[in-house]
Amino acid sequence: MESIGWEYCRKTCGRECTEEILDFANMVFGMEYGRTDFASLLPKAYAPERCGIPVHHMIMEENRLRALIDVYPLTLRLKGKSGCTVSAAYVGTVSVHPNARGRGYMIELMKRVEEDARSQGCALLILDGDRHRYQHYGYEHAGIRYRFQIGTGNIRHCCAAIYSDSDMASPAYSFEELDRQSPYLDMLYALYQNRLVTARPREDFWYCLQSYQASAYAILRDGRPVGYMSISSEEKNVTEIEMEDVQELPRVLYDLMTGFDTEQLCVSVGMDETDKAGQLEKACGYCDLSMSHQIRILDYESVLSFLLEWKRQYGSPAAGEYVLGVQNAETGSVEKYLLSVAEEISVSRTDQAADTVLGELDLVRILTTGFCFAEQQKGARSKIRNAPAGWFPLPFYLPEADTF
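Predicted model only: the values in this text are computed from it and were never measured. All residue numbers here refer to positions counted from 1 along the written sequence of the relevant chain. In keeping with the model being predicted, local features are shown solely for residues with a pLDDT of at least 70 and side-chain atom pairs are shown and tallied solely at 80 or more, while totals for entire chains, interfaces and linings include all residues. Hydrogens are left out, water is left out, and the side-chain values use all remaining heavy atoms of the structure.

Peer 1: Can you help me understand the overall build of the chain in this one?
Peer 2: Within the chain, the regular secondary structure consists of 13 helices and 19 strands. The quantity called the radius of gyration is restricted to C-alpha atoms. Its globule counterpart is 2.2 Å times the number of residues to the power 0.38. The globule rule puts the C-alpha radius of gyration for 404 residues at 22 Å, and the 23 Å found for the chain is close to it. If one aligns the C-alpha atoms of the chain with their principal axes, the spans along those axes are about 75 × 55 × 35 Å. Note on contacts: a residue pair is in contact if any heavy atoms of the two residues lie within 4.5 Å. By sequence separation, contacts in the chain at least 24 residues apart represent 72% of the contacts at least 6 residues apart. Surface accessibility follows the Shrake-Rupley procedure with a 1.4 Å probe radius. Residue values consider only the protein chains on display as shielding. Carbon and sulfur atoms form 44% of the exposed surface of the chain, whose accessible area is close to 18,200 Å². His is not counted here, nor are the chain ends, while Lys and Arg score as positive and Asp and Glu score as negative. By convention, charge coordinates are those of NZ in Lys, CZ in Arg, CG in Asp, or CD in Glu. In the chain, 41 positive and 58 negative side-chain charges are present, and the distance between their average locations comes to 3 Å. Numbering of helices and strands runs from the N terminus, with a helix taken as a DSSP run of H or I at least four residues long and a strand as a DSSP run of E at least two residues long.

Quick look at the structure:
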């Protein structure tokens, strides 16, 4: 770093301190993207009653804030597997004062964030942003997200094939916007817990659904809540939906589009949400696959074990063993891990010969994203040609409400 008086500071804050930090972040982002209000965008972290949750990593010059990274902790939990969790953290609000750029402050803060995360036992870091910028720090896009594009014509024809004319004569479902005092929240949180992987405790549920100024609605039938959905504010995108009966998803979307006078709708789901994807495929005009969030794995044993368990919850990975070599980007050294799928799934370090050796970025890209399919088509040239059937791609997708 350039020789200049600076100080690194790590802390959590009360309301007054958080207001100063938000003023800085809003100023930096506002200069680049227009008016920004992080307290409104991310109430789960920056609402007055929530401001003690993020960890602030800062660089100060003469008691003036010049660079900031905030870290929001979360724990990923696998449904039905008691104790199957991964300690993770979302990295966000990455900002440098315009007059302090080029001094290496972001390099320093990203290093400090990773060191701190490791010391806290964090296994996985997650962020969103420019892919090539964050590849420099060891992050790569992970996972597969399905985006179903649905038009009024698509949904009308789909529902006509499922429901009778009399059933379609009037709406079957209504929608009530949720607030913090909604009597439905406990029941809807129970539906959220039906997801294969969750990341929100009950006290975070409503706040998370407000992320990025989204609107959250209870789905009602005959006045009774049977599901919920979150809709982004700028575009009519359903970023999260849970229902008691997924078979009714096309009809819910039909009534939503009719009631909200919307001609186009996009619904995003992860590749593990197979029942939803099946219903959305019936209703869509087309579907595209995209990568999900960017991740940096700090603990390969726990993260790979968790992802394999996640895969087995909806897929059929064949029993077998696979030795994966992970090459460190800085040192070139290789750590080898024995992945085993049997009655139990395990991942442990090994001295056995590796079936494949992948760099840290290639590992995430090839083993979790749609590029896995392209790699599999290479036949004898494929880097994962001898992988057990059904193992890859591994899942990784979180709804927008969990991002930071």
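The structure having been displayed, the exposition proceeds.
Peer 1: Teacher, can you tell me more about the nonpolar core here?
Peer 2: Note on soluble globular proteins: their nonpolar side chains tend to be buried together. Only buried residues count toward a nonpolar core, which is a set of Ala, Val, Leu, Ile, Met, Phe, Trp, Tyr and Cys residues joined through side-chain atoms within 4.5 Å. Between buried and exposed lies partly exposed: a residue is buried under 20% and exposed over 50% of the maximum accessible area for its type, with that area taken using a 1.4 Å probe on protein chains only. Counting residues in hydrophobic clusters, the biggest one holds 81 residues, and the most contacted among them are Leu76, Leu124, Leu178, Phe306, Leu363, Phe392 and Phe396. Beyond its immediate sequence surroundings of up to four residues, Phe306 is in contact with Leu76, Arg77, Leu78, Cys84, Thr85, Val86 and Val197. Formed by 31 residues, the second largest nonpolar core is a distinct cluster that contains Ile150, Cys158, Met168 and Phe175.

Peer 1: Sorry, what's going on with the sheet that holds strand S18 (residues 345-349) here?
Peer 2: Each strand in a sheet pairs with another by means of backbone hydrogen bonds, the pair being arranged parallel or else antiparallel. Taken in spatial order, the four strands make up an open sheet running S18-S17-S16-S19, and their pairing is mixed. One side of each edge strand has no neighbouring strand; the edge strands of this open sheet are S18 and strand S19 (356-359). On average, each strand axis in the sheet is inclined to that of its neighbour by 25 degrees, with strand direction left out of account. By the bridge criterion, eight bridges tie strand S16 (residues 320-327) to strand S17 (residues 334-341) in an arrangement that is antiparallel. Note on S17: the bridge partner recorded for Gly320 is Val341. Across the sheet, helix H11 (residues 300-314) touches S16, S17 and S18, and the angle it forms with S18 is around 160 degrees. Sitting on the sheet, helix H12 (residues 360-368) touches S16 and S19, and the angle it makes with S19 is about 110 degrees. Following DSSP output, two strands are said to pair if at least two bridges run between them. All axes here are fitted lines through C-alpha atoms, helices being fitted over the stretch that makes contact, and every angle between N-to-C directions spans 0 to 180 degrees.

Peer 1: Teacher, can you tell me more about the environment of Gln352 here?
Peer 2: Residue position: Gln352 is located in the loop between S18 and S19. The contact partners of Gln352, leaving out residues within four places of it in the chain, are Val323, Lys336 and Leu338.

Peer 1: Hey, could you run me through the pairing of S17 in this one?
Peer 2: One face of the sheet, then the other: side chains in a regular strand alternate in exactly this way. Taking the residues between adjacent antiparallel strands as the criterion, S16 and S17 are bridged by six residues, where Gly332 takes a positive phi near 80 degrees. Pairing of S17 with S18, which is carried by five bridges, proceeds in the antiparallel orientation. Along S18, the bridge assignment pairs Tyr337 with Arg349.

Peer 1: Explanation requested: the state of the cysteines in the structure shown.
Peer 2: By definition, a disulfide links the sulfur atoms of two cysteine residues through a covalent bond. Note on terminology: disulfide denotes any pair of cysteine sulfur atoms within 2.5 Å. Overall, the coordinates contain one disulfide when judged by the stated rule. Sulfur-sulfur distance for the disulfide between Cys13 and Cys17 comes to 2.3 Å. In this structure, Cys13 and Cys17 share a single accessibility class: buried. With no disulfide of its own, Cys122 lies 16 Å from the sulfur of Cys84, the closest cysteine sulfur. Distance from the sulfur of Cys284, which forms no disulfide, to the nearest cysteine sulfur (Cys287) is 5.8 Å. Given a relative accessible area of 16%, Cys284 falls into the buried group.

Peer 1: Just to check I follow, could you spell out the packing of helix H9 (residues 249-259) against helix H10 (residues 274-283) for this structure?
Peer 2: When two helices pack together, their arrangement is captured by the angle between the axes and the distance separating the axes. Running from amino to carboxyl end, H9 crosses H10 at an angle of 55 degrees, the nearest separation of the two axes being 9 Å. Taken together, the axes of H9 and H10 are oblique relative to one another. The hand of the H9/H10 crossing is right-handed. Every residue of H10 that contacts H9 at Leu249, Pro250 and Leu253 is listed here: Lys276, Gln279 and Leu280. Residue polarity is assigned by list, with Asp, Glu, Lys and Arg as charged and Ala, Val, Leu, Ile, Met, Phe, Trp, Tyr, Cys and Pro as nonpolar; anything else, Gly included, falls into the polar class. When the residues that make up the contact of H9 with H10 are grouped by side-chain class, the tally is four nonpolar, one polar and one charged. If an angle is under 35 degrees, it is roughly parallel; if it is over 145, roughly antiparallel; if it lies from 65 to 115, roughly perpendicular; otherwise it is oblique. Crossings are classed by handedness, with left-handed meaning an anticlockwise turn of the near helix from the far one by less than a right angle and right-handed meaning a clockwise turn.

Peer 1: Could you clarify how one ought to interpret helix H4 (residues 105-119) in this entry?
Peer 2: Two residues of an α-helix separated by three or four positions point the same way, owing to the 3.6 residues in each turn. Here the expected span of a helix is defined as 1.5 Å times the quantity of residues minus one. Here H4 is 15 residues long and its end C-alpha atoms lie 21 Å apart, about the 21 Å a rise of 1.5 Å per residue gives. Taken together, the buried positions of H4 are Tyr105, Met106, Glu108, Leu109, Met110, Val113, Glu114, Asp116 and Ala117. Two residues or fewer after H4 comes Gly121, characterised by a positive phi angle close to 80 degrees.

Peer 1: Teacher, can you tell me more about the environment of Tyr163 here?
Peer 2: Summarising the element assignment, Tyr163 is placed in the loop between helix H6 (152-162) and strand S8 (174-177). For the pair formed by Tyr163 and Thr85, sequence separation is 78 residues and the distance between their alpha carbons is 41 Å. When sequence neighbours within four positions are dropped, the list of residues in contact with Tyr163 reads Met168, Gln247, Glu248 and Arg251. Each polar contact in these results corresponds to two N or O atoms within 3.5 Å; when the atoms are within protein, one needs to be able to donate a hydrogen and the other to accept it, and residues that are neighboring in sequence are counted only if both atoms are side-chain atoms. Of the polar contacts made by the side chain of Tyr163, one reaches the side chain of Glu248; its length is 3.0 Å.

Peer 1: In this structure, what is going on with H11? I would like to understand it.
Peer 2: The terminal C-alpha atoms of H11, which comprises 15 residues, lie 22 Å apart, in line with the 21 Å expected from a rise of 1.5 Å per residue. Looking only at H11, the buried set comprises Tyr300, Val303, Leu304, Ser305, Phe306, Leu307, Leu308, Glu309, Trp310 and Lys311. Its side-chain oxygen placed 3.2 Å from the backbone nitrogen of Glu301, Asp299 serves as the N-cap of H11.

All we've got here are geometric facts, nothing functional implied.
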